[in-house]
Amino acid sequence: MEREYKWKLSGADEFDRIVNTDTVAQTVTGQQDFHMQAIYYDTENQLFAQMQGGLRLRKENDASVCCLKLAAKERGACKTREEYEAEAPDIYSGLTALIGAGAPKELCMMAASSTLVELCRTDFVRRAYHLHIHAPSGICEGELAFDLGRLSRGDHSIPLCEMEFEYKRGDLQPFHAFAHILEHTFDLVPQPLSKMARAMAL
């Protein structure tokens, strides 16, 4: 289950200010940069669109990862949804690998036997910080990431600049509490739309 908060940012300077405050800096246990290039797909009869889901193949530095996301539940900046990932060199072998990762077998087999068409693309750099949060309500780990790049569909593209806070493991209450601290401390504006949704609007 994917749980994440997403906010709009004005640029890298705003992210740097947030990360370097005591609020965040005291929780950081590691940092990593990724170059991410993704292609989103659907079947010719729009199987995933009808389900309000998404299928993508994303290059994360040297790794190629296939991802299936099902319909999301949203509340403010927070989005919750089922998500399955598996390493794969292409989208069709990725669908088979997703079954092994627990994704719905019938759905994956149906998509694998269909013609998949490209919908849109993303190309961005992610600066990700691993956070260890210790609070009276419990302990959790999360990833605070800054994404900067572009979203494209055909010949059209728009800039991408946002911050995500994703739950990794541990207690949920401190995860949500820390997200609310971030939002209110830094007057963050929620980004209600996924990268795919914004690209598809082009």
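Preceding this paragraph is the structure being described.
In this report, we go over the structure that sits alongside the text. Keep in mind it's a predicted model, so treat the numbers as computed, not measured. (Residues numbered from 1 in each chain as written. Predicted model: local features only at pLDDT ≥ 70, side-chain atom pairs only at ≥ 80, totals over all residues. Heavy atoms only, no water.)

### A word on the overall build of the protein chain
Thought 1: Helices and strands together make up the secondary structure of the protein chain, namely seven helices and 11 strands.
Thought 2: The 202 residues of the protein chain split such that 46% are buried.
Thought 3: On the protein chain, roughly 10200 Å² of surface is accessible, and the fraction owed to carbon and sulfur atoms is 49%.
Thought 4: For the protein chain, the separation between the mean place of its 22 positive charges and that of its 30 negative charges on side chains is 3 Å. (Helix = DSSP H or I, 4+ residues; strand = E, 2+ residues; numbered from the N terminus. Buried < 20%, exposed > 50% of the residue type's maximum accessible area, 1.4 Å probe, protein only. Areas by Shrake-Rupley, 256 points an atom, 1.4 Å probe, with all protein chains shown as cover. Lys, Arg positive; Asp, Glu negative; His and termini not counted. Charge placed at Lys NZ, Arg CZ, Asp CG, Glu CD.)

### Section: the packing of aromatic side chains
Thought 1: The tally for this structure, following the rule as stated, stands at seven aromatic pairs.
Thought 2: Ring plane angle 15° and centroid distance 5.8 Å describe the contact between Y5 and W7, whose orientation is recorded as stacked. Residue Y5 shares its accessibility class with W7, and that shared class is buried.
Thought 3: Seen in terms of ring centroids, F15 and F146 are 5.2 Å apart; in terms of plane orientation they differ by 20°. Their pairing is stacked. Highlighted residues: F15 in helix 1 (residues 12-19) and F146 in strand 9 (residues 138-153), separated in sequence by 131 residues. Each member of the pair F15 and F146 is classed as buried.
Thought 4: Among the aromatic residues, ring-to-ring pairing joins Y5, W7, F165, Y167, F175 and F178 into one connected group. (Phe/Tyr/Trp six-rings, centres within 6.5 Å; stacked < 30°, edge-to-face > 60°.)

### Concerning the environment of L116
Thought 1: The residue L116 is located in strand 8 (residues 116-135) in this model.
Thought 2: What makes L116 buried here is its relative accessible area of 11%.
Thought 3: The sequence separation of L116 and D42 amounts to 74 residues, and the corresponding C-alpha distance is 5.5 Å.

### So, helix 4 (residues 91-100)
Thought 1: Of the residues making up helix 4, those classed as buried are I91, G94, L95 and L98. Down the axis of helix 4, the sector holding all buried residues measures 105°, keeping them to one side. With respect to the buried face of helix 4, the exposed residues turned more than 90 degrees away are T96 and G100.
Thought 2: Against strand 2 (28-43), strand 3 (54-60), strand 4 (63-69), strand 7 (83-87), helix 5 (105-112) and strand 8 lie the buried residues of helix 4. (Arc of directions from axis to C-beta. Contact = heavy atoms within 4.5 Å.)

### Some remarks on the pattern of salt bridges
Thought 1: Under the defined criterion, the tally for this structure stands at 19 salt bridges.
Thought 2: Its salt-bridge partner being K6, residue E162 comes within 3.3 Å of it at the nearest N-O pair. Of this pair, E162 sits in strand 10 (residues 156-170) while K6 sits in strand 1 (residues 2-8); the two residues are 156 residues apart in sequence, bridging distant segments of the chain.
Thought 3: What makes K6 buried here is its relative accessible area of 5%.
Thought 4: Salt bridges here are not isolated pairs; linked through shared partners, they connect E2, E4, K6, K69, R81, E83, R126, D147, E162, E164, K195 and R198. (Salt bridge = Lys/Arg side-chain N within 4 Å of Asp/Glu carboxyl O.)

### With respect to the side chain of K69
Thought 1: Locating K69 in the fold gives a position in strand 4.
Thought 2: A polar contact is formed between the side chain of K69 and the side chain of E2, at a distance of 3.3 Å.
Thought 3: What K69 contacts, discounting residues up to four positions off in sequence, is E2, G53, G54, R56, R81, E82 and E83. (Polar contact = N/O pair within 3.5 Å; in protein donor to acceptor, adjacent residues only side chain to side chain.)

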